[in-house]
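A closer look at the structure
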Amino acid sequence: MNFKKIVATLAAAALSVSALSVSAMALSTKDYLKDGVVYVNADKPEDPTWAIDAGVAQTDVYGVTFHVTFEGNDEWYGGGIGANSNSTGWKSIEWGTNSKEITADVENNTITWLSDAPIFAESDEYAQLWLQTWTGKVTVNSADVLGKDGVILSTDDAPAETEASETEETTEETAAETEAETEAETEAEETEAPVEETEAEETEAAEEEAAPAIDYSALTGDVISDTEATSAGSWGQAITLTTVKNENGVFDPAVLTPDKAVVVYYTAETAPEVVLQSWSGGEGWAKVPADETLSTDGVAVFTYDYMTAMYQSDDFVDTLDAFIVGDTGSELTVSKVLLVDAASLTAGAVSDEDVIEDAAPVEETEAPVEEVVTEAPAADTTTPVASTGNTAAASIAAVMAVAGTAAVISKRK
């Protein structure tokens, strides 16, 4: 979409919100709640940001109440509730139906976390409130964002229809007029001179076509697990292996070294995550997203850099207590988990020459095709892209900041 058109659309949207006089008390969180995560401030432009749309400063947020359904009549439910942002990192507080820091209200089907101070900093580029279930099955139905002293800043009630109807016609007319003007300007600009593909664009296209293809079926390494394991979704765990420093532990964290990577073969709608859990001095519940530049459908790759970044330490031997493979909101089946040499993740790749020979011929422009082919490097496998599911791009942003990998991540939400 043309930039002017984007500006016009945003202006019309802003006019609509202003005319409706939508207060924080009237803005529902239902469009900002996904897989147990409330996007107070999203870090991707395509995702909605509740604080901005509600006209609430993220520093006014003190907590959250999740309205849930406790399913299965289990004797005990438990999990984690907390925040994820630049300033908080992955902040997790344990909740349960008994003997936990936060006690769930089973009678009223709510789980509430309320802080004595603002949860997020003004400088946070992303801010999320989340709920996870580790024991029992819990379905999140809605959520209320809480201000100081537990004042509800949101509701799941939509703005009154009477308020909307008073300004709906004016807003639509304004938006239509603005869009028509910008479209006319766009057509005029496009008529003046067609945009020709630049040398940089051609080079980028060649690089994308030359990206190596990993032969996942040929990967070999040490088997961490080869027994089929499942989780029922709702951020459950399919595999939990305690470390050898614990009684009856089977997983040796010493195998997690810079030259290794963990590969998970799975079936699910969304890629799984690895959770590094510690109850002996390390990061309590470090969620590690798959590196999407190395992963594909059915195969998730977890690198050492991602693991150390999210765990905020490389001291796995002394502090890691459990190695977990869990789902990201959808039912998960894990068939195998391997520890492989990181270098093998390029094994079996199609050569750049083969890819370029098979590609459709490119018309020669100012820059000869030969020059583009010669300079096209293999795709950079160190730059992660936005993560899937609940991990969101916020986890990737944290990885890049800690690991120091050069990447351009558009901030949003």
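Just so it is clear, the structure is predicted and the values come from calculations on it, not from any experiment.

On to the overall build of the chain, then. Each helix and strand in the chain was counted, giving 9 helices and 18 strands. When burial is assessed residue by residue, the chain has 42% of its 413 residues classed as buried. In the chain, once contacts between residues fewer than 6 apart in sequence are set aside, the share between residues at least 24 apart is 76%. Summing over all exposed atoms, the chain offers an accessible surface of approximately 20800 Å²; the carbon and sulfur share of this is 49%.

Here we come to the confidence of the model for the chain. When pLDDT is averaged across the chain, the result is 73; 63% of the residues are at 70 or more. Throughout residues 1–26 the model reports pLDDT below 50, and contacts reaching past four residues in sequence, or to other chains, amount to 37 contacts. Low confidence marks residues 156–168, where pLDDT is under 50. Its contacts with residues over four positions away, or in another chain, come to 15 contacts.

The full count for this structure, using the stated rule, is 4 salt bridges. When the shortest N-O distance is used, the salt bridge between Lys100 and Glu94 registers 3.2 Å. Of the charged contacts, one joins Lys245 and Asp321 as a salt bridge, the two residues approaching to 2.7 Å between their closest N and O atoms. Of this pair, Lys245 sits in the loop between strand 12 (237–242) and strand 13 (260–267) while Asp321 sits in the loop between helix 6 (316–319) and strand 17 (322–326); the two residues are 76 residues apart in sequence, bridging distant segments of the chain. Here Asp321 falls in the buried class, since its relative accessible area comes to 1%.

Time to look at the packing of aromatic side chains. Within this structure, the stated rule accounts for 5 aromatic pairs. Their ring planes at 85° and their centres at 6.3 Å tell us that Tyr304 and Phe316 sit as a pair that is edge-to-face. Within this pair, whereas Tyr304 is found in helix 5 (residues 304–311), its partner Phe316 is found in helix 6, the two being separated by 12 residues in sequence. On the accessibility criterion, Phe316 (2% relative accessible area) is buried. Joined through ring pairs, the aromatic side chains of Tyr304, Tyr311 and Phe316 make up one cluster. Here the guanidinium or amino end of Lys336 rests over the ring plane of Tyr265, the centre of that ring lying 5.0 Å away.

With that settled, consider helix 5. Counting buried residues along helix 5, 7 of its 8 residues qualify, which places the element largely inside the surrounding structure. Of the positions making up helix 5, those classed as buried are Tyr304, Tyr306, Met307, Thr308, Ala309, Met310 and Tyr311. Immediately downstream of helix 5, the backbone of Gln312 shows phi near 60°, a positive value.

Here we take up the side chain of Thr308. By secondary structure assignment, the location of Thr308 is in helix 5. Within the local environment of Thr308, its side chain forms a polar contact with the backbone oxygen of Asp305, the two atoms lying 3.1 Å apart. Residues in contact with Thr308, not counting those within four places in the same chain, are Ser313, Asp314 and Phe316.

Attention shifts here to the environment of Leu153. Mapped onto the secondary structure, Leu153 falls in the loop between strand 9 (137–146) and helix 3 (161–192). Owing to a relative accessible area of 15%, Leu153 belongs among the buried residues under this scheme. Separated by 125 residues in the primary sequence, Leu153 and Ser28 have C-alpha atoms spaced 9.3 Å apart.

Quick notes on the rules
- Counting of residues starts from 1 at the beginning of each chain's written sequence and follows it residue by residue.
- This being a predicted model, a pLDDT of at least 70 is required before a residue's local features are given, and a value of 80 or more before pairs of side-chain atoms are given or counted; all residues contribute to the totals for chains, interfaces and linings.
- Side-chain metrics rest on all non-hydrogen atoms present in the structure, leaving aside hydrogens and water.
- Think of it this way: any DSSP run of H or I at least four residues long counts as a helix, any run of E at least two long counts as a strand, and we number them from the N terminus.
- Burial classes: relative accessible area under 20% of the type maximum marks a residue as buried, over 50% as exposed, and values in between as partly exposed (1.4 Å probe, protein chains only).
- Residue contacts are counted whenever heavy atoms from the two residues lie within 4.5 Å of one another.
- Note on areas: Shrake-Rupley with a 1.4 Å probe; residue coverage comes only from the protein chains shown.
- pLDDT is a per-residue confidence score from the predictor, ranging from 0 to 100.
- Any Lys or Arg side-chain nitrogen located within 4 Å of an Asp or Glu carboxyl oxygen qualifies as a salt bridge.
- Note on aromatic pairs: the rings of Phe, Tyr and Trp (six-membered ring only in Trp) are paired at centre separations within 6.5 Å, and the planes decide the class, stacked below 30 degrees, edge-to-face beyond 60, tilted for the rest.
- Charges are assigned to positions over rings by a cutoff of 6 Å between ring centre and Lys NZ or Arg CZ, combined with an angular limit of 35 degrees from the ring normal.
- For the purposes of these results, a polar contact is taken to be a pair of N or O atoms within 3.5 Å, where, inside protein, one atom must be able to donate a hydrogen and its partner to accept one; residues adjacent in sequence count only when each atom of the pair is a side-chain atom.

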